[in-house]
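Here are the chains, one letter per residue:
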Amino acid sequence: MGRVTLLTDFGTADGYAAAMAGVIAAACPGVIVDHASHDVAPGDIPGAALALARYAWLYPPGTVHVVVVDPGVGTDRRAIAARAGDRLFVAPDNGVLTRVLATEPDAVVVELAPPDAHASATFHGRDVFAPAAARLAAGESIDRVGSGVGDPVRLEIPTPDADLEGGEIRGVVVEVDRFGNLVSNVPADAARALPGDGPLHVFIEQDPVGPVRGTYGDVEDGGLVAVVGSLDTVEVSVRNGSAADRLGAGRGARVTVRRSGPPAPG
Amino acid sequence: MGRVTLLTDFGTADGYAAAMAGVIAAACPGVIVDHASHDVAPGDIPGAALALARYAWLYPPGTVHVVVVDPGVGTDRRAIAARAGDRLFVAPDNGVLTRVLATEPDAVVVELAPPDAHASATFHGRDVFAPAAARLAAGESIDRVGSGVGDPVRLEIPTPDADLEGGEIRGVVVEVDRFGNLVSNVPADAARALPGDGPLHVFIEQDPVGPVRGTYGDVEDGGLVAVVGSLDTVEVSVRNGSAADRLGAGRGARVTVRRSGPPAPG
Amino acid sequence: MGRVTLLTDFGTADGYAAAMAGVIAAACPGVIVDHASHDVAPGDIPGAALALARYAWLYPPGTVHVVVVDPGVGTDRRAIAARAGDRLFVAPDNGVLTRVLATEPDAVVVELAPPDAHASATFHGRDVFAPAAARLAAGESIDRVGSGVGDPVRLEIPTPDADLEGGEIRGVVVEVDRFGNLVSNVPADAARALPGDGPLHVFIEQDPVGPVRGTYGDVEDGGLVAVVGSLDTVEVSVRNGSAADRLGAGRGARVTVRRSGPPAPG
């Protein structure tokens, strides 16, 4: 038994994703392989790291989460496995686990043995990551799947900058989701802790979005609105539309939250 | 155990769909979560209602079908669960269950309790619908998951108009599928019951399609053809091509079926 | 129990793919249905044949692989099932099993009984292929699911042409994958067996790609590179880019491998 999720940028049409599922199913009878997504944008490590953080802890303890977004396949980048918060992870050591490791200081990270001579140079999903996932799903200890590394690669995750004197927090858009929502890295808690007690106003670059509201329903259809999203950070949306399109903004755009409205931040 | 299907407009790349699967897996060990689709066009409630009707009854009794196409998230729209024909359903109360409820007069529909304070304002898939689905999949009674409502929201499902005197039935295209087939709401049985015994001719708006044939193979490759589709309604196709592109027609286009060929309907 | 994979060109949004999964789940309690892919390009039989070959043998013995890429639905093409290498297959008899049958000379192929009067003319995935798959997954013998055919349709699979005198092998691109890699049909073993011992040079049509390298990491980011891919054939890639875009090449493009570099082949 056991449950394994797969997150890749392979698409499905070529059969690469099913090849991984097949390797795991063959090694681990009865395992449930859940195709979390194969539609990560090719090579988008930060996007995969965020998607993984959305679901990793929601699966039951013992779940093995495999991520293969691996622009470095065929270089000397390491392959790693991790145990964190009772979930298991298998991935290239390229930072894609940064967010899940950041929340689990007790995580154990090991380096997988280098691929043997039969492994392909191009498809470690099938020949390296899936076999390791199957061993973990079958209950093998992480110490037997690899040997200790203390320093997995970490992405530089942008952190918001609280300027309490100026009464504002400055962050960035970390994701544009399928609906065009602009997901920021500004924690709702930190925003609420800003001195004063007026409403919290949000800006994307120079564009005023208005106050943080309770929910989409607080504006008209097509209206621009800031809310607290499902990661408990500030998000900017257009109700039943795309904030990314409306504002011409994407990942990395500046997000400012402060207790007073316009004029726009400098 | 148990089996849960998910139908959403989330895409998969952001991790929202996997978050729902994870919540269900954690609450219901051994459950099989089947990603029916996450590619519904954003906000397309009628499209989701039709897709659901295609597969809901084919799954075994006890299956829990979850639909989250929810442009009203964050308004006061209700969240509902239903038991109909020995299958269970969880969805926003926005009409997406209209087609499955229409065929089951004995359906029981309940309103889910409003989300608690910890639920996000934007992601009821994770915080409202998946938990309810997990409880149903674990065998909890629908009466315990919510309390009775008698009047779920119903979409206005277009019904065909039989003009027996004029010897024709007029309906509309209710779906354009991936192949460009124009699926109508004209039941094959009703068309066959038209008075007379000549062949049944089909028109899309003013365009004559020709008689209803037995199968695609009755025309040449690239030929326009009317057949009885898998919903037992009249469909218009181009063999190995797209009828939607050929005729420039989409959802809502008029479909006329009658015993005589051109001239076109007025 | 048992495991069934589905490979189709249906997309998922219309509910056709879930309809197949539902039929199988209803007939075969506890079965795991794995959506290998529903994103095959519409009608792309050679593409589906290659994708299937990538994963078919990796699944455990007893797995039932269903392929419904079926531009001939509604013609008199047969529907078949096969047992090969301890895996089972269900598909239209249009060549989509060519690659898996080619590697298993002892394969048994049977013709499914024609659809009964209740089967739709347009959706054999639901009414013919899924029911047959469910019977096989439930353990029924292939002899009971259909009756023997000796001559399933075979695609003409392009074979490379070894010109040992001229010291080169000429093949073609058989697939462009999601990353823009040009997968050829030139086996790495055959290329290595070319007389001489200089490096193996690769050309796509007239364009020199350079020598076959060990791995992507042997060139700079954005560099064009030939490697041995996961099918053990020569592939041409751009590291973290698209070779298909760079070279303007697609399926069918000529691939030449020889022991000497430019000038280009005539």
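Residues numbered from 1 in each chain as written. Chains lettered and ligands numbered in written order. Predicted model: local features only at pLDDT ≥ 70, side-chain atom pairs only at ≥ 80, totals over all residues. Heavy atoms only, no water.

Some words on the overall build of chain A
1) Next: Summing up its helical and strand segments, chain A has seven helices and 15 strands in all.
2) Next: Summarising its shape, the C-alpha atoms of chain A cover approximately 65 × 35 × 35 Å along the three principal directions.
3) Next: When burial is assessed residue by residue, chain A has 59% of its 266 residues classed as buried.
4) Next: In chain A, of all internal contacts separated by at least 6 residues, the share reaching a separation of at least 24 is 67%.
5) Next: Just so you have it, chain A exposes about 9,900 Å², and 51% of that area is on carbon and sulfur atoms.
6) Next: When the 21 basic and 34 acidic side-chain charges of chain A are each reduced to a single mean position, those positions are 2 Å apart. (Helix = DSSP H or I, 4+ residues; strand = E, 2+ residues; numbered from the N terminus. Buried < 20%, exposed > 50% of the residue type's maximum accessible area, 1.4 Å probe, protein only. Contact = heavy atoms within 4.5 Å. Areas by Shrake-Rupley, 256 points an atom, 1.4 Å probe, with all protein chains shown as cover. Lys, Arg positive; Asp, Glu negative; His and termini not counted. Charge placed at Lys NZ, Arg CZ, Asp CG, Glu CD.)

Section: the sheet that holds strand S6 (residues 108-112) of chain A
Strand pairing in a sheet relies on backbone hydrogen bonds. The paired strands run either parallel or antiparallel.
Residue and element names in this part refer to chain A.
1) Next: An order of S2-S1-S3-S5-S4-S6-S7 is seen for the seven strands of this open sheet, with the pairing classed as mixed. Of all the strands in the sheet, just strand S2 (32-37) and strand S7 (146-148) have a single pairing partner and so form its edges. With strand direction ignored, the average angle separating the axes of adjacent strands in the sheet is 25°. (Pairing = 2+ DSSP bridges. Axes fitted to C-alpha atoms, helices over the stretch in contact; angles between N-to-C directions.)

Some details on the relation of the copies chain B and chain C
1) Next: Superposition record for chain B on chain C: RMSD 0.0 Å, screw rotation 120°, translation along axis 0.0 Å. Each copy turns onto its partner about a three-fold axis. Taking C-alpha positions as reference, the residue of chain B nearest the rotation axis is Ile-32 of chain B, located at 4.3 Å.
2) Next: An asymmetric contact is evident, with only 16% of the interface residues of chain B recurring at the interface of chain C. (Least-squares fit on C-alpha atoms with pLDDT ≥ 70 in both.)

Overview of the interface of chain B and chain A
1) Next: Taken residue by residue, the interface counts 32 residues in chain B and 31 residues in chain A.
2) Next: In this assembly, chain B packs against chain A so that about 2,500 Å² is buried in total across both faces, 54% of it on carbon and sulfur atoms.
3) Next: When residues of chain B are sorted by the area they lose upon contact with chain A, Asp-14, Tyr-16 and Thr-122 of chain B head the list and together hold 22% of the total.
4) Next: Linking chain B with chain A are zero salt bridges, by the criterion used here. (Buried area = accessible area lost by both parts, 1.4 Å probe. Salt bridge = Lys/Arg side-chain N within 4 Å of Asp/Glu carboxyl O.)

Focus on the side chain of Ser-242 of chain A
Residues and elements named next belong to chain A.
1) Next: Here Ser-242 shows up in the loop between strand S14 (233-238) and helix H7 (243-247).
2) Next: Only 3.4 Å separates the side chain of Ser-242 from the backbone nitrogen of Ala-244, close enough to count as a polar contact.
3) Next: Excluding its chain neighbours within four sequence positions, the residues that come into contact with Ser-242 are Phe-179 and Gly-180. (Polar contact = N/O pair within 3.5 Å; in protein donor to acceptor, adjacent residues only side chain to side chain.)

Scope: geometric values only; no functional claims are made or implied.
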